[in-house]
Amino acid sequence: MAPKKLLCLPSLLLPLLTLLLPQADTRSFVVDPDHDRFLLDGAPFRYVSGSLHYFRVPRVLWADRLFKMRMSGLNAVQFYVPWNYHEPEPGVYKFNGSRDLFAFLKEATLANLLVILRPGPYICAEWEMGGLPAWLLRKPKIHLRTSDPADNMTKIFALLRKYEPRGPLVNSEYYTGWLDYWGQNHSTRSVPAVTKGLENMLKLGASVNMYMFHGGTNFGYWNGADEKGRFLPITTSYDYDAPISEAGDPTPKLFAIRNVISKFQEVPLGPLPPPSPKMTLGPLSLHLDGNLLAFLDFLCPQGPIHSILPMTFEAVNQDHGYMLYRTYLTHTVSEPTQFWVPNNGVHDRAYVMVDGVFQGVLERNMKRNLFLTGKKGAKLDVLLENMGRLSFGSNSSDFKGLLEPPVLGQTVLTQWLMFPLKVDNLVKWWFPNQLLKSSHPQTPSGPTFYSTTFPILGSGGDTFLFLPGWTKGQVWINGFNLGRYWTKRGPQQTLYVPRPLLFPRGALNKITLLELENVPLQPQIQFLDRPILNSTMHKTYIYSLSDESASEPMELSGH
C-alpha cells in the first residue's frame, strides 16, 4: 500500500484562514489602480500597520500588545507564520497553546485590527532558518530557496510596472529600529528619523507597515543568524528599539508615531495603558548541580550513536540545542598539540574537554589556538552548540555540528560516539528528583548546571534577569526555556522574564542555568526592573577568517 501523501503547512493554512473570514458578500478589499489606492468595502482605504510576531510573545500577552497597537492609531497588524514553529516533524502539526493561530487572529479581531498575513514558507524575520524546518536538511544534498534566480531589483520593479503601471503606494517594511547581533552594539533608530519618514509617506497617501512595532523575544533556541564574512547569531532579545518595548511598554517613539498618525486619520480616544509593574529581586546565590557530563544517561537516555566520522545534528535528527561528540585518544600526546577542525567545520561553538576537564572553545569563523595533551585512552569530549541557523540568503543550508572530522596535530580523529542531548527534558522533568546525589567537583569545569529556588512575595511583576560575571549559556525558569545569555560578549546583559512565567505569592520558583564556559567566583544572579541591552563588554574577540574588517558596514538582513 502506497504511503499517504503528507500535506505541507502552507496548504493547511488556506482552509484554516477561510474558516475565519466573514461571508464574502459582506466585505471586500480591492486595488483601485485608476486612483492609486485601495478600496475597503468600496471606500478609499489606507492601512497604517505594525509588525508583531505572535511566536515571540507569550500567548497570555497577545491581547495586551495588540490593544496597545490599536491605541497607537494603527488599523492593521502584520505578521508571519513560521513553518518550523507549526510543523516540527514532517506531518506533525502544532496549532495549540502559543502556536494557536486561530486564537491570535481572534485577538486581532477583538482589538479592531485588520490582518496582513505573511504565511511563508520562508519568512527570514531573524528566526531560526528563516522559518524553514530543520528537518529539510536531513536530505544532505538539498538546495534551499533556489527556484527563482531573479535578484536585480531594478529589473524586478520595471517588470512590475510593465504589468501594473498604476496602483497604491505601499511600504511593507518601514524600519523603526534594527536587530542586534552578539558582540556588536545595540541597534537604535532615533525618534525624529522614524517620525519624519513616516509623515512624508503618509503625506503621499501611502500605506505603511512599521517593522517592528513590537519585537518581542527569541525564547529557547529560536533566534536566527546572518553571515557576512563571519557567522553572526541574533541575540535573545528582539527588542528592535521598537515603539513598544520588549516588555510591552509604550516608549517615547510610540507617542511620537501616534502624534504623526493623528494628523492623517483618527486615533482611538483614551490614554494608553501605563508600563507594566516591574520587580527587583536578589542577588540570589545558585548552587552547583553538577557537570553536564555527569548527566549523560539522563540527557541521552537512548544511548549514543556510533560512527567512524562525526555526523551532523541533522543526520541524527537533532534540530536544536546541543550534541556531545566523544572519542578516545589512540596514543599518548605528551606535548601540547593543536586541536582543530578543518574547513571551518565547527558549526557553531565547540566546548572541548579531556577526561572531563575543560580545555577551551573552538568557534565558527574564528581563529582560535587550542592545544591538548592526554594519555592513550583519554576521553575527548566535544560539546557542540547550535547557535541558530542562517535566516537570510539563498541556498543557505546551514548544517550544524562537526561538519569535518577534528584533527589533533596531524592525526584525523575517528570512531566517534554522538549523544543528541535533550537538555530541556532534563530541566523540565528530571531535575532535581532523579539526579545523582554524589559529591560535586570542587571546581566546576566547562559545561555545568546551576540552579536555585526563590519565592516572590505579592503579585510580582515583569523583570529582567541579570547574570553578572557569568560567561555564556542557557536559562530556564520553571522549566520554560528563556533563551541564551552571553554576558561576556554582549550587548545584551539581561533576559526579559514576563510575569506570567513566575509563580506569585510565596510559591517557589526554580531557575536553572547551563553555564558552558566559566562561572563567576560568586555564582549569583539578580532580577532588575529595567533591561540592559547595550553593554558590549568584550570588544577584542573578533578574528575573522576572511580579510574583511570587523568595522565594515553590515549588509542588511532581509525579512
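Position numbers for residues start from 1 in each chain and track the written sequence from start to end. Whole-chain, interface and lining totals are the exception, using all residues; otherwise, since this is a predicted model, local features are given only for residues with pLDDT of at least 70 and side-chain atom pairs are given and counted only at 80 or more. Side-chain figures throughout are based on the complete set of non-hydrogen atoms in the structure, without hydrogens or water.

Draft legend 1. Geometry of unusual backbone geometry. With an omega of 15°, the peptide bond running from G120 to P121 counts as cis. Strands here are runs of E lasting at least two residues and helices are runs of H or I lasting at least four, both read from the DSSP assignment and numbered beginning at the N terminus. Looking at the secondary structure, you find P121 in the loop between strand 6 (114-118) and helix 5 (153-163). For the bond running from G490 to P491, omega is 5°, close enough to zero to count as cis. The topology assignment puts P491 in the loop between strand 28 (480-485) and strand 29 (494-497).

Draft legend 2. Structural view of the layout of surface pockets. For the largest pocket, the calculated volume is near 1,400 Å³. Around the largest pocket, the lining is made up of 47 residues, and of these R99, Y221, W222, D424 and N481 lie nearest the centre. Where the lining of the largest pocket is concerned, the elements lending two or more residues are helix 3 (83-86), helix 9 (423-430) and strand 28. Per-element accounting of the lining of the largest pocket gives the leading share, 5 residues, to helix 9. Gly falls in the polar group here, along with every residue not listed as nonpolar (Ala, Val, Leu, Ile, Met, Phe, Trp, Tyr, Cys, Pro) or charged (Asp, Glu, Lys, Arg). Residues that form the lining of the largest pocket fall into these classes: 23 nonpolar, 13 polar and 11 charged. A pocket, in this scheme, is an open set of points on a 1 Å grid over the protein atoms alone with protein on both sides within 12 Å along at least 5 of 7 lines, while a cavity is a set where a 1.4 Å probe fits but cannot get out; residues line either one if an atom lies within 4 Å of a point. Grid points are joined across faces, edges and corners, and a volume is the space filled by probe spheres set on the points.

Draft legend 3. Structural context of the confidence of the model for the protein. Along the chain, pLDDT gives the predictor's confidence residue by residue, from 0 to 100. Mean pLDDT over the protein works out to 89, with 86% of the residues at or above the 70 mark. Only heavy atoms enter the contact rule, under which two residues are in contact if any of them lie within 4.5 Å. Considering only residues more than four positions removed or in separate chains, one finds that residues 1-7, a stretch of pLDDT under 50, has 5 contacts. Contacts for the low-pLDDT stretch residues 538-559, under 50 throughout, to residues beyond four places or in other chains number 60 contacts.

Draft legend 4. Quick peek at the environment of L40. Structurally, L40 can be placed in strand 2 (residues 37-40). When the C-alpha atoms of L40 and F29 are compared, they prove to be 4.6 Å apart, with 11 residues separating the residues in sequence. With near-sequence residues (within four places) excluded, L40 lies in contact with R27, S28, F29, F45 and L114.

Draft legend 5. Structural detail: the environment of L113. Relative to the assigned elements, L113 resides in the loop between helix 4 (101-110) and strand 6. Think of it in three bands: residues with accessible area under 20% of the maximum for their type are buried, residues over 50% are exposed, and the middle band is partly exposed, with areas taken using a 1.4 Å probe on protein chains only. On the basis of relative accessible area, L113 is assigned to the buried category, the value being 6%. Taking the C-alpha atoms as reference, L113 lies 6.2 Å from V77; in sequence the two are 36 residues apart. Among all residues touching L113, those that are not within four sequence positions of it are L66, M69, R70, L74, N75, A76, V77 and A108.

Draft legend 6. Region of interest: helix 7 (residues 252-262). What helix 7 keeps buried is the set K253, L254, A256, I257, R258, V260 and I261. Buried residues along helix 7 sit against strand 4 (48-52), helix 2 (62-71), helix 6 (191-203) and strand 8 (207-214).

Draft legend 7. View of the pattern of salt bridges. Only one rule defines a salt bridge in this text: a Lys or Arg side-chain nitrogen within 4 Å of an Asp or Glu carboxyl oxygen. Scanning the model with the defined rule gives 27 salt bridges in all. Measuring nitrogen to oxygen at the nearest pair gives 2.6 Å for the salt bridge that ties E363 to R349. Of this pair, E363 sits in strand 18 (residues 357-363) while R349 sits in strand 17 (residues 349-354), placing them 14 residues apart in sequence. Judged by its relative accessible area of 3%, R349 is buried. One salt bridge in this structure joins D398 and K400, with 2.9 Å as the shortest N-O distance. On the basis of relative accessible area, K400 is assigned to the buried category, the value being 0%. Each of E227, D348, R364, D398 and K400 takes part in salt bridges that share partners, so that together they form one network.

Draft legend 8. Representation of the sheet that holds strand 17 within the structure. At least two DSSP bridges between two strands are required for those strands to pair. Across the sheet, which stays open at both edges, the 6 strands sit in the order 13-24-14-20-17-18 with antiparallel pairing between neighbours. Edge positions in the sheet fall to strand 13 (305-307) and strand 18, since each of these pairs with one other strand and no more. Within this sheet the neighbouring strands show an average axis-to-axis angle of 25°, counted without direction. As paired strands, strand 17 and strand 18 are joined by 6 bridges and run antiparallel to one another. Bridging across to strand 18, R349 finds its partner in E363. A fitted line through C-alpha atoms represents every axis, and for helices the fit uses only the stretch in contact; the resulting angles, taken between N-to-C directions, go from 0 to 180 degrees.

Draft legend 9. Region of interest: the side chain of T327. Considering the arrangement of structural elements, one finds T327 in strand 14 (residues 322-328). At 2.8 Å, the side chain of T327 forms a polar contact with the backbone oxygen of T414. Once you skip the residues sitting within four places of it in the chain, T327 turns out to touch A378, K379, L380, T414, Q415 and W416. Polar contact is defined as a pair of N or O atoms within 3.5 Å, subject to the rule that within protein one atom must be able to donate a hydrogen and the other to accept it, and that residues adjacent in sequence are counted only when both atoms are side-chain atoms.

Draft legend 10. Seen up close, the pairing of strand 29. Every second residue of strand 29 is oriented toward a common face, with T494 and Y496 on one face and L495 and V497 on the other, all of them buried. Here 4 bridges tie strand 26 (residues 463-466) to strand 29, and the two strands are oriented antiparallel to one another. For F466, the partnering residue across the bridge sits in strand 29 and is T494.

Draft legend 11. Inspection of empty space enclosed by the protein at higher detail. Counting across every chain of the model gives 5 cavities of 30 Å³ or more. In this structure, the largest cavity occupies an estimated 120 Å³ of space. F231, P233, E363, W486 and R489 are the residues nearest the centre of the largest cavity, which is lined by 14 residues in total. Per-element accounting of the lining of the largest cavity gives the leading share, 3 residues, to strand 10 (residues 231-233).

Draft legend 12. Spotlight on the sheet that holds strand 3 (residues 43-45). Pairing within the open sheet is antiparallel, and its 3 strands lie in the order 1-2-3. Strands at the two margins of the open sheet, each flanked by one partner only, are strand 1 (29-32) and strand 3. The mean inter-strand angle of the sheet, taken between neighbouring strand axes irrespective of direction, is 40°.

Draft legend 13. Geometry of the environment of N478. As for its placement among the helices and strands, N478 is situated in the loop between strand 27 (473-477) and strand 28. On the accessibility criterion, N478 (25% relative accessible area) is partly exposed. A C-alpha to C-alpha distance of 8.6 Å links N478 and F503, two positions 25 residues apart in sequence. Apart from the residues within four sequence positions on either side, N478 is in contact with L501, L502, F503, L508, N509 and K510. Engagement of the side chain of N478 in a polar contact is seen with the backbone oxygen of L501, the distance being 2.9 Å. There is a polar contact of 2.9 Å between the side chain of N478 and the side chain of N509.

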